[in-house]
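This is what each chain is made of:
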Amino acid sequence: MKRLIYADNAATTQLDIDAFEAMKPYLLNEYGNASQPYSFSRSPKTALREAREIIATCINADPSEIFFTSGGTESDNWAIKGMLGGNHTGAIITSSIEHHAVLRACAAAERMGSPVVYLSPTKEGVITDDELRSVITPNTELVSIMMSNNELGTIQPVATLAEIAHKNNAFFHTDAVQCVGHIPVDVMKLGVDILSASAHKFNGPKGVGFLYVKSGTPLGTFMDGGGQEGKRRAGTENIANIVGMAYALKNNVSRLAQNMNHIMQLETRFLSKLNEQGITYVRNGGSNIVPGVMSLSFPEFSGEAILHRLDLLGVMVSTGSACDGDETQVSHVLRAIGLEEELARGTIRLSIGKNNTAEEIDYIAASLNKILVKKES
């Protein structure tokens with residue numbers, strides 16, 4: 001049987017077994033609708049409340065500020081479209097390296113009449129405070145800048161950017177999908193008004209996420225129907241997935257320092273192996289990066305070809321965002337940071353997770369050596 005090594009944790013993560021066990025009762029036995037008043041719904045209703053409390057504690061929020069969604073894409077869309085109101089006249093500021101969930105939601109808002117300004121990053125992928133100050137105006141209603149980039153791993157100065165937005169009477173949203181459960185996320189310290197997260201990025205189930213909305217933020221209703229989620233997001237709650245998400249997040253946050261240290265050790269080991277093997281590469285994204293996310297460019301090689309050859313050797317990596325995995329053109333993120341065409345086309349993304357081992361890291365490095373190092377004939 002072919003060996004399989006997963007190194008694409010920025011795309012999705014393995015479900016924690018104890019999160020799965022916590023989900024099972026609400027899939028098999030405790031399947032009552034939490035909105036119903038009878039006793040059979042008492043357990044799901046309690047689970048829903050407790051999950052909200054757990055998640056709020058993990059990011060230093062109030063439970064009333066947590067709203068459950070179907071994932072990061074919905075959370076981003078709600079954050080952007082829900083802030084515009086009925087007239088769609090308020091201006092939005094975002095960046096050119098956002099996830100497509102933000103970029104395409106902003107494009108939709110633009111078609112409805114909201115002006116959108118796209119900030120350019122530095123060559124390391126950072127959105128600077130000077131860049132934001134240069135374009136923000138009294139008409140700016142929302143600033144949306146991701147907490148870390150999903151391809152580069154670059155961590156943005158969100159607290160500083162949010163402060164600038166607030167001084168100009170604008171609200172601030174951050175897509176924290178790649179950060180929640182991986183690095184410390186404290187909404188009070190960040191000073192954000194809205195924050196998006198997705199469970200499958202931190203070892204929870206797919207198809208569920210949450211949106212933090214600071215108390216008093218005038219975010220509109222996203223889905224009309226029943227009165228779920230404080231009458232702001234209709235639809236019967238997926239209790240099993242919500243419970244799994246809460247358990248997975250609690251697990252990761254409780255072991256955050258341990259996980260980060262483990263992943264950083266593996267990252268250092270991997271890069272040392274590449275250096276020892278004489279492999280030429282460029283790492284993109286600067287120095288302030290979420291642990292384990294590595295955007296690596298290999299001159300004179302095709303990133304897509306490397307991906308497929310690694311796949312044949314049982315190693316799973318990506319060439320960029322999994323959400324556009326069927327696209328073959330150069331990533332919009334690599335274009336935005338001005339990476340030269342040859343390097344951009346020779347780029348892969350490895351993202352190490354807490355379940356990876358030193359043995360696996362050595363195997364990936366050895367596999368790259370087989371692919372990239374030109375042997376003398």
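Residues numbered from 1 in each chain as written. Predicted model: local features only at pLDDT ≥ 70, side-chain atom pairs only at ≥ 80, totals over all residues. Heavy atoms only, no water.

Enquirer: Which parts of the structure should I look at to understand unusual backbone geometry?
Expert: With the exception of glycine, the majority of residues adopt a negative phi angle, and the majority of peptide bonds are in the trans configuration. The backbone of asparagine 60 shows a phi angle near 60 degrees, a positive value even though the residue is not glycine. Structurally, asparagine 60 can be placed in the loop between α2 (42-59) and β2 (66-69). Of note, glutamate 300 is a non-glycine position whose phi angle comes to about 70 degrees, a positive value. Position of glutamate 300 relative to the elements: it lies in the loop between β10 (293-297) and α11 (303-312). (Helix = DSSP H or I, 4+ residues; strand = E, 2+ residues; numbered from the N terminus.)

Enquirer: Explanation requested: α11 in the structure shown.
Expert: In an α-helix, one full turn covers 3.6 residues, which means residues spaced three or four apart are oriented alike. Within the sequence span of α11, burial applies to Gly303, Ile306, Leu307 and Leu310. Projection of α11 onto a plane perpendicular to its axis shows the buried side chains occupying an angular sector of 100 degrees, all on one side. Those residues of α11 hidden inside the fold are in contact with β11 (315-316), α13 (341-345), β12 (347-351) and α14 (358-372). Where α11 begins, the side chain of serine 302 points an oxygen toward the backbone nitrogen of glutamate 304, at a separation of 3.3 Å. Once α11 finishes, glycine 314 follows within two positions and takes phi at roughly 90 degrees, a positive value. (Buried < 20%, exposed > 50% of the residue type's maximum accessible area, 1.4 Å probe, protein only. Arc of directions from axis to C-beta. Contact = heavy atoms within 4.5 Å. Polar contact = N/O pair within 3.5 Å; in protein donor to acceptor, adjacent residues only side chain to side chain.)

Enquirer: I would appreciate a short explanation of the state of the cysteines in the present structure.
Expert: Each disulfide consists of a covalent bond between the sulfur atoms of two cysteine residues. Applying the stated rule across the entire model yields 0 disulfides. With no disulfide of its own, cysteine 179 has cysteine 58 as its nearest cysteine by sulfur position, at a separation of 15 Å. (Disulfide = S-S within 2.5 Å.)

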